[in-house]
Amino acid sequence: MPLEEHYSLKRHNTFGVEAFAHYFAPIRQLDELKELLIADIWKTMPILVLGEGSNILFTRDVDGLVLKNEIKGIAVIRETPDEVWLKVGGGENWHRFVMFCVGNHYAGVENLALIPGSVGASPVQNIGAYGVEVKDVIDEVVAWHLETQELMHFSNSDCAFGYRDSIFKHTYQGKLMIIWVVYRLSKHPIFHTGYAALREELDRSGIKALSLKAISDAVIRIRTRKLPDPAKIGNAGSFFKNPQMSFAQYETLKAQFPDLPAFTVDKHTVKIPAAWLIEQCGWKGYREGDAGVHAHQALVLVNYGKATGKQILELAERIRQSVYERFGIMLEREVNVW
């Protein structure tokens, strides 16, 4: 296993910003990780686990060790007439996994097509889209504790999933590498088409009979149309979370801003589109040097070429402050900042 020094991370983050790792090691199997971390040098050095770099903004170099999760594999480990359990390597590409499921008629992740990133990142973020969250299909998460050097098993309830949230972002932040995730999928799909944009896309395509492929294809078309391709323009997708609030708070705000949109989360809570808040503050399409806000999706911050992580973060903070000053809502970052 190669251990490289002063290694450029530019091609390992979808923002495409330049940053260097003091040490860099790709990890393709658990034994490599165990062998590497035996050395005393890592006990006093920061360690960053990197998947596909689609949810991180580097504002400085990593003066420590970057572990690139490249643990692959998709295997059926249990099956019944109704369900199937898949064990998937943490370094597997998320969209490739979704397409594997769609191709084999395993239901549960088709609404999550084309979300960038790795399988190992999916439980950390509790990724979600178009009415589906990955917590609904995760059976178990298995991770290596970087400090105690032990393999840890987390059941679904152990993960403490919330909206774009989990125990891995709090208690275990920066302490684990997710080795594999076990997903429990259905052989009898229940289609989630509650989101208006998804229904409209299916109607526009003339889809009469729903299928996993029809759903995933529609999602892919929407995402391709709405979101910039990181290979062409640096970005990490949605930079901010959609804020949630009580119905009472929403009604108070709506009295001030009658056009304020919201989506019902449950009988107590609504979700406000962060993109709408940002757009109302005049940021959509804004550009300063090579740091900017995407012209078609105000929730996406972009690097037009040579922006630094600090420049993008400074823009993000100005956006947050302006939304707070106008609406009294402090947006929370979805992207991790190093």
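Within each chain, residues carry numbers counting from 1 in the order of the written sequence. Residues qualify for local features only when their pLDDT is at least 70, as the model is predicted, and side-chain atom pairs are given and counted only at 80 or more; totals for whole chains, interfaces and linings, by contrast, use all residues. Computation of side-chain values covers all heavy atoms of the structure but excludes hydrogens and water.

Pairs were defined over the aromatic rings of Phe, Tyr and Trp, the Trp ring being its six-membered one, requiring ring centres within 6.5 Å. Orientation was assigned from the angle between planes: stacked under 30 degrees, edge-to-face over 60, tilted for the rest. Counted according to the given criterion, the structure contains 15 aromatic pairs. Residues Phe-15 and Phe-239 carry aromatic rings whose centres are separated by 6.2 Å and whose planes lie at 65 degrees to one another, so their mutual orientation is edge-to-face. Placement of the pair is Phe-15 in the loop between β1 (4–8) and β2 (20–27) and Phe-239 in the loop between β13 (234–238) and β14 (244–246), with a sequence separation of 224 residues. Here the aromatic rings of Trp-283 and Tyr-286 are separated by 5.1 Å at their centres, their planes lie at 80 degrees, and the arrangement is edge-to-face. Owing to a relative accessible area of 11%, Trp-283 belongs among the buried residues under this scheme. Think of it in three bands: with a 1.4 Å probe and only protein chains considered, a residue is buried below 20% of the maximum accessible area for its type, exposed above 50%, and partly exposed in between. On the basis of relative accessible area, Tyr-286 is assigned to the partly exposed category, the value being 25%. Grouping aromatic residues by their ring pairs yields a cluster made of Phe-15, Phe-239 and Phe-240. Above the plane of the ring of Trp-85 lies Arg-78, whose end atom (NZ or CZ) is 4.1 Å from the centre. Cation placement over rings: the criterion is NZ of Lys or CZ of Arg within 6 Å of the ring centroid and within 35° of the ring normal. Between Arg-287 and the ring centre of Tyr-304, over which it is positioned, the NZ or CZ distance is 4.1 Å. Secondary structure is summarised from DSSP: a helix means a run of H or I of at least four residues, a strand means a run of E of at least two, and numbering begins at the N terminus for each.

A few words now on the sheet that holds strand β19 (residues 300–303). Two strands qualify as a pair provided that DSSP identifies no fewer than 2 bridges between them. Taken in spatial order, the 4 strands of this open sheet run β13-β19-β18-β17, and their pairing is antiparallel. The open sheet has two free edges, formed respectively by β13 and β17 (287–288), since each of these has just one partner strand. Both β13 and β19 contribute to a ladder of 3 bridges, which runs antiparallel. Bridging from a neighbouring strand, Asn-235 pairs with Val-302 of β19. Here, residues are in contact when the closest pair of their heavy atoms is within 4.5 Å. Structural elements are reduced to axes, namely lines fitted to C-alpha atoms, with helices fitted over the stretch in contact, and the angle between N-to-C directions of any two is expressed from 0 to 180 degrees. Against the sheet, helix α8 (residues 309–327) makes contact with β17, β18 (291–293) and β19, and its axis sits at roughly 35 degrees relative to β18, the strand it touches most.

This brings us to the environment of Trp-276. In this fold, Trp-276 is placed in helix α7 (residues 274–280). By relative accessible area, which is 18% here, Trp-276 ends up buried. Each C-alpha atom, one on Trp-276 and one on Leu-313, is 20 Å from the other, the two residues being 37 residues apart in sequence. Leaving out residues up to four positions away in the same chain, Trp-276 has contacts with Asp-259, Leu-260, Pro-261 and Phe-327.

Attention now moves to the packing of helix α2 (residues 94–103) against helix α5 (residues 212–226). Interaxial distance between α2 and α5 falls to 9 Å at its minimum, and their mutual angle equals 155 degrees. Viewed along their axes, α2 and α5 adopt a mutual orientation that is roughly antiparallel. Across the interface between the two elements, His-95, Met-99 and Val-102 from α2 touch Leu-212, Lys-213, Ser-216 and Ile-220 from α5. Gly is put with the polar residues, along with every residue not named as nonpolar or charged; the nonpolar set is Ala, Val, Leu, Ile, Met, Phe, Trp, Tyr, Cys and Pro, and the charged set is Asp, Glu, Lys and Arg. Looking at the contact of α2 with α5 residue by residue, the class counts come to 4 nonpolar, 2 polar and 1 charged. Roughly parallel refers to an angle under 35 degrees, roughly antiparallel to one over 145, roughly perpendicular to one between 65 and 115, and oblique to any angle outside these ranges.

Take helix α1 (residues 30–37) next. Considered for burial, the residues of α1 that qualify are Leu-30, Glu-32, Leu-33, Leu-36 and Leu-37. Projected down its long axis, α1 carries its buried residues within an arc of 160 degrees, all on one side. Opposite the buried face of α1, by more than 90 degrees, sit the exposed residues Asp-31 and Glu-35. Contact partners of the buried residues in α1: β2, β3 (47–50), β5 (62–69), β10 (138–145), β11 (151–155) and β12 (176–186). What the arc describes is the spread of directions from the helix axis to the C-beta atoms.

Just to be clear on terms, a salt bridge is a Lys or Arg side-chain nitrogen sitting within 4 Å of an Asp or Glu carboxyl oxygen. For the structure shown, the criterion picks out 19 salt bridges. One salt bridge connects Asp-40 with Lys-43, and the closest N-O pair in it is separated by 3.3 Å. With a relative accessible area of 59%, Asp-40 lands in the exposed category. Classification of Lys-43 by relative accessible area gives exposed; the value is 61%. Arg-164 is the salt-bridge partner of Glu-334, the closest N and O atoms lying 3.9 Å from each other. Residue Glu-334 is found in the loop between α8 and β20 (336–337), and its partner Arg-164 is found in the loop between β11 and β12; the two are separated by 170 residues along the sequence. A single burial state applies to Glu-334 and to Arg-164, both of which are buried. Each of the salt bridges in this network shares a partner with another, and the network as a whole consists of Glu-133, Lys-135, Asp-136, Arg-164 and Glu-334.

It is worth spelling out unusual backbone geometry at this point. Of note in this structure, His-105 is not a glycine but carries a positive phi near 65 degrees. Mapped onto the fold, His-105 is located in the loop between α2 and α3 (121–125). Using a relative accessible area of 57% as the deciding quantity, one classes His-105 as exposed. The backbone phi angle of Ala-160 is positive, close to 50 degrees, even though this residue is not glycine. Summarising the element assignment, Ala-160 is placed in the loop between β11 and β12.

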